[in-house]
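What follows is each chain in one-letter form.
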Amino acid sequence: MIYWRPLVQSDLSRPRGAVPLAGGALWFSQVERLERGRAPQVVPAAEAGSALDVLAAPRADFAGLAMDRPRIMGILNVTPDSFSDGGRFLAPQAALAQARAMAEAADILDIGGESTRPGALPVPVDEEIARTAPVIAALRAAGVAVPISIDTRKAAVAKAALAAGADIINDVAALSYDPALGPLAAAQGVPVVLMHHQGTPETMQADPRYDDVLLDVFDGLADRVAAAEALGIPRSRIAVDPGIGFGKTVAHNLALIRGLSLFHGLGCPVLLGASRKRFIGVIGGAEAADARMPGSVAVALAGVAQGVQIVRVHDGTETRQALRLWQAVNGGEA
Ligand code: HH2
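Model, not experiment: these values are computed from the prediction.

What counts and what doesn't
- Residues numbered from 1 in each chain as written.
- Predicted model: local features only at pLDDT ≥ 70, side-chain atom pairs only at ≥ 80, totals over all residues.
- Heavy atoms only, no water.
- Pairing = 2+ DSSP bridges.
- Helix = DSSP H or I, 4+ residues; strand = E, 2+ residues; numbered from the N terminus.
- Axes fitted to C-alpha atoms, helices over the stretch in contact; angles between N-to-C directions.
- Contact = heavy atoms within 4.5 Å.
- Near = heavy atom within 4 Å.
- Polar contact = N/O pair within 3.5 Å; in protein donor to acceptor, adjacent residues only side chain to side chain.
- Areas by Shrake-Rupley, 256 points an atom, 1.4 Å probe, with all protein chains shown as cover.
- Nonpolar A, V, L, I, M, F, W, Y, C, P; charged D, E, K, R; others polar.
- Salt bridge = Lys/Arg side-chain N within 4 Å of Asp/Glu carboxyl O.
- Buried < 20%, exposed > 50% of the residue type's maximum accessible area, 1.4 Å probe, protein only.

Caption draft 1: The arrangement of the sheet that holds strand 1 (residues 2-6) in detail. If you walk across this open sheet you meet the three strands as 1-4-5, and the pairing is antiparallel. Sheet topology places strand 1 and strand 5 (41-44) at the edges, where each strand pairs with a single neighbour. Going from strand to strand, the sheet's axes swing by 35 degrees on average, the running direction of each strand aside. Bridge analysis of strand 1 against strand 4 (residues 30-35) gives five bridges, and the strand direction is antiparallel. Across the sheet, the residue bridging to Tyr3 is Leu34, located in strand 4. Across the sheet, helix 6 (residues 213-230) lies against strand 1 and strand 4, angled at about 100 degrees from strand 1, the strand it touches most.

Caption draft 2: Region of interest: the site of the ligand. Close to the ligand lie 18 residues, the nearest being Ser82, Ser115, Asp241, Lys277 and His314. Contacts to the ligand include Phe83, whose backbone N or O atom sits 3.1 Å from an oxygen atom. Within the complex, the protein chains bury 99% of what would otherwise be the 470 Å² of accessible surface of the ligand. Looking at the shell around the ligand residue by residue, the classes come out as six nonpolar, seven polar and five charged.

Caption draft 3: Quick peek at the pattern of salt bridges. Taken as a whole and judged by the stated rule, the model has 19 salt bridges. Between Arg69 and Asp68 there is a salt bridge, with the nearest N and O atoms lying 3.0 Å from each other. Overall, the relative accessible area of 27% leaves Arg69 in the partly exposed class. Residue classification places Asp68 among the partly exposed residues on the basis of a relative accessible area of 38%.

This is how it looks when you write it as structure tokens:
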């Protein structure tokens, strides 16, 4: 199999024949031709043939948001043990205040009640529902209108969240953990985020291995997209995410971030969730997770430069400022 990775550009001056990336402001005129067991080759975009159609086509709106510009998904973990903000927003009042503040900067709010950090243990369903659904209901009652995603692997949690006013299911297991979650998403007609992972949170960082991490993750996501489609979830309601840190070493994470534009070949919006993760601390020299904002912003912008449509972040205000500047410099909407 041959894979085509667009070499994404943002320059306002475009050569003749430049191909728009996913109907947005970025473009490419060359692609990297990737094949297992062969050296990568940079070739003119036209050599990608019909694969260009998928790379160039505008993406459908996702939860009502146009996907022709980058969007910020702001994280709210209503957990005692999340790796960077665990315990801070467990009390309902604290969760609500943080969610309202985050909604000022973010296009989507991602609410989770179970940590999936390395080593985390599963949370009972009732507990996860009690942490998340009331916060979602309270946000809606307070008039917060931004799309809300429920970050869960479990159908019962997603169902309660959707009933409380959530719009999107964000599953770090890409519908492989709970067999009832895919059918629920299909029946309710809601968009889903399918994230790649290897192993389970308990053990995933033990010794992750890949033949070729970029191509293996691409194939893994292609399989999960196909499985979701088979359940009746159309590709237009799916976003894909390479799953930074989920069964990946620092080198794996870097290879995925460098190669992010490959995932546009799946024909879905691409989501990047790198915020405050360990590799940012390792490379950036920031031991404490809450000291990793600058590195997180840098990685979010690196994703945006490769045409990622959604960045999932803890620091919504700071990321919004950085994004505005990036867009202004690159001539896009500020
Ligand atoms: N990362 C985390 C949780 N959910 N969802 C998507 N789509 N992509 C991600 O990269 C992702 C995710 C882990 O980060 P966080 O929520 O901050 O921590 P914890 O799992 O400890 O609550």
